[in-house]
Amino acid sequence: MKKVAIYGQSYSISAEKEIQILLKTLEKNNIVSFLEKNFYDLLVEGNILEKKYPVFSDFSDLNASFDVLFTLGGDGTILRAVTYIRDLNIPVLGINTGRLGFLATINKKNIEESIHLLLNGAYSIQERTLLTVKTTPETPAISELNFALNEVTIARKNTTSMIGIKTCLNEEYLTNYWADGLIIATPTGSTGYSLSCNGPVISPDSKNVVITPIAPHNLNARPMVIADDTEIKLTIDSREKDFLISLDSRITTVAKNTVVHIQKAPFTIKSIIPKNQSFLQTLRTKLLWGEDTRNETNL
């Protein structure tokens, strides 16, 4: 490992100690660190950095010469970082400076240990599926960043009325969901918005996608797991002239006569899993599985 990129957001600068530990550990191992420009400016403004660092501002500033992209923050920080690395195959390692996440799993107390594991090859690479979106007619706002690591969501806009979402799988009609919206989630996204709408948890290495309705009116509508090579076509019926499409945290307004096509992206995101981490370990901790959460004083 010779060269890395580091990405964070405004709230990450409160983790001054962790930022300095990361930079000093990398420097100690003769690794060159490039910081995202906006994040770098915030750190300079806060007098957190002890020296100058090279920066990157855009996808075009990165290339295959970068060995790792570190993120400082939570899962949302990783979702935004993906827009910088796209199909460059730069592996991602998320350092969590807040609450435990499903993507940013490295505890801020374990930064040095995790980097040493990385340098010693004590890690695995987990490839995470993304979804791509195309619309008919084309929607310029999502023509470039037309992919999502967590989920693609169709939702109502400016109305309390439900929307109808006619859903076809591989050109075969499935059903018409009458709901507040519809979530198409990857295995990575199954522990996000989809989970809060009663969708199932799917292992990150599963070759599946889950379709989860949001507050459906037809009560027999249930989340459905399908193969990730399925082509999904959605046609929206709404009382309003527009509806919303969100790709992870990026939201776009779309005219209701627009047809939405969703399928698996031709590239994946490489997630670094150090030997002291695992998805099941994170799942147990996050969901409190196997723990007795009762208050002993009330027994």
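Heads up: the structure comes first, above all this text.
Residues numbered from 1 in each chain as written. Predicted model: local features only at pLDDT ≥ 70, side-chain atom pairs only at ≥ 80, totals over all residues. Heavy atoms only, no water.

**Q** I keep staring at the side chain of T167 and nothing clicks. Help me out?
**A** Following the sequence through the fold, T167 ends up in strand β10 (residues 163-169). For T167, the residues in contact, after removing those within four places along its chain, are E172, Y173, L174, T175, Y177, L182, I232, K233 and L234. (Helix = DSSP H or I, 4+ residues; strand = E, 2+ residues; numbered from the N terminus. Contact = heavy atoms within 4.5 Å.)

**Q** Got a minute to help me understand the packing of aromatic side chains in this structure?
**A** Each aromatic ring pair is summarised here by two numbers: the centre-to-centre distance and the angle between the ring planes. Following the criterion strictly, the structure yields four aromatic pairs and no others. Both rings, one in F34 and one in F66, keep their centres 5.2 Å apart while their planes meet at 80 degrees; by these two values the pair is edge-to-face. With F34 in strand β2 (residues 32-36) and F66 in the loop between β3 (55-56) and β4 (68-73), this pair connects stretches of sequence that are 32 residues apart. Given a relative accessible area of 4%, F66 falls into the buried group. Through pairs of rings, three or more aromatic residues link up here, namely Y7, F56 and Y84. Here R86 stacks its cationic end above the ring of F59, 4.4 Å away from the centre of that ring. When the ring centre of F147 is taken as reference, the NZ or CZ atom of R250 above it lies at 5.5 Å. (Phe/Tyr/Trp six-rings, centres within 6.5 Å; stacked < 30°, edge-to-face > 60°. Buried < 20%, exposed > 50% of the residue type's maximum accessible area, 1.4 Å probe, protein only. Lys NZ or Arg CZ within 6 Å of the ring centre and 35° of its normal.)

**Q** Explain helix α1 (residues 16-28) here, please?
**A** Along an α-helix, residues three or four apart share an orientation, since each turn contains 3.6 residues. With 13 residues, α1 ought to run about 18 Å at 1.5 Å a step, and its terminal C-alpha atoms sit 18 Å apart, in line with that. E18, I19, L22, L23, T25 and L26 are the residues of α1 that are buried. Down the axis of α1, the buried side of the element spans an arc of 165 degrees, and every buried residue falls inside it. Pointing more than 90 degrees away from the buried face of α1 are the exposed residues K17 and K28. Among the structural elements, β1 (3-8), β2, α2 (37-45), β4, β5 (92-96) and α4 (111-119) are those in contact with the buried residues of α1. (Expected span 1.5 Å × (residues − 1). Arc of directions from axis to C-beta.)

**Q** Please clarify how the sheet that holds strand β16 (residues 242-247) should be interpreted in this entry.
**A** Where strands meet in a sheet, backbone hydrogen bonds hold them as pairs that are either parallel or antiparallel. Spatial ordering of the open sheet is given by β14-β13-β12-β9-β16-β17, a layout of six strands whose pairing is antiparallel. Lying at the two open borders of the sheet, with one neighbouring strand each, are β14 (224-227) and β17 (250-255). In this sheet, neighbouring strand axes are inclined to one another by 20 degrees on average, regardless of whether the strands run parallel or antiparallel. Relative to strand β12 (residues 181-185), strand β9 (residues 151-155) is paired through five bridges, and the arrangement is antiparallel. Paired with E151 across the strands is A185, a residue of β12. (Pairing = 2+ DSSP bridges. Axes fitted to C-alpha atoms, helices over the stretch in contact; angles between N-to-C directions.)

**Q** How should the pairing of β17 be read in this particular structure?
**A** For β16 and β17, the ladder comprises six bridges, and the chain directions are antiparallel. Residue pairing across strands places L244 opposite T253, the latter belonging to β17. Hairpin geometry of β16 and β17 is characterised by an intervening segment of two residues between the two adjacent antiparallel strands and by a positive phi of about 55 degrees at D248.

**Q** I keep staring at the pattern of salt bridges and nothing clicks. Help me out?
**A** One side chain can pair with another of opposite charge once the charged atoms of both are near each other. According to the stated counting rule, one finds eight salt bridges in the structure shown. Note that D41 and K37 form a salt bridge whose closest N and O atoms lie 2.8 Å from each other. Here the residue D41 and the residue K37 both occupy positions in helix α2, the gap between them amounting to four residues, near one helical turn. The partner of K270 in a salt bridge is E127, with the nearest N and O atoms 3.9 Å apart. Linking K270 in strand β18 (residues 259-274) with E127 in strand β7 (residues 123-136), this pair joins segments that are 143 residues apart in sequence. (Salt bridge = Lys/Arg side-chain N within 4 Å of Asp/Glu carboxyl O.)

**Q** Just to check I follow, could you spell out the packing of α1 against α4 for this structure?
**A** For the pair α1 and α4, the least separation of the axes is 9 Å and the interaxial angle reads 30 degrees. Classified by the interaxial angle, the pair formed by α1 and α4 is roughly parallel. Relative to α4, α1 is oriented so that their crossing is right-handed. Of the residues in α4, those in contact with E18, I21, L22, T25, L26 and K28 of α1 are I111, E112, I115 and H116. Partitioning the contact of α1 with α4 into residue classes produces five nonpolar, two polar and three charged. (Parallel < 35°, antiparallel > 145°, perpendicular 65-115°, else oblique. Left-handed = near helix turned anticlockwise from the far one by under 90°. Nonpolar A, V, L, I, M, F, W, Y, C, P; charged D, E, K, R; others polar.)

**Q** Could you clarify how one ought to interpret the environment of N150 in this entry?
**A** Considering the arrangement of structural elements, one finds N150 in the loop between β8 (147-148) and β9. Through-space distance from the C-alpha of N150 to that of I183 is 9.9 Å; in sequence the pair is 33 residues apart. Look past the residues within four positions of N150 in its chain and what remains in contact with it is L79, L103, I184, A185, T186, T188, G189 and D248.

**Q** Could you clarify how one ought to interpret unusual backbone geometry in this entry?
**A** Apart from glycine, the bulk of residues carry a negative phi angle, and the bulk of peptide bonds sit in the trans form. Omega for the peptide link from T136 to P137 comes to 0 degrees, which places this bond in the cis form. Of note, R86 is a non-glycine position whose phi angle comes to about 45 degrees, a positive value. Here R86 shows up in the loop between α3 (75-85) and β5. The backbone of D248 shows a phi angle near 55 degrees, a positive value even though the residue is not glycine. Among the secondary structure elements, D248 is positioned in the loop between β16 and β17.

**Q** Please explain the nonpolar core as it appears in this structure.
**A** As a rule of thumb, soluble globular proteins bury nonpolar side chains together. Judged by nonpolar contacts, the single largest core of 25 residues is most densely connected at I154, I165, I184, L234, I245, V260 and I262. Those elements giving two or more residues to this core turn out to be β7, β9, β10, β12, β13 (208-214), β15 (232-237), β16 and β18. Ignoring sequence-local partners within four residues, the contact set of I184 consists of L131, N150, E151, V152, V209, V210, I211, I232 and I262. Of all hydrophobic cores here, the second largest spans 24 residues; its members include L26, I31, L72 and I272. (Core = buried A, V, L, I, M, F, W, Y, C linked by side-chain atoms within 4.5 Å.)

Just distances and angles here, no functional claims.
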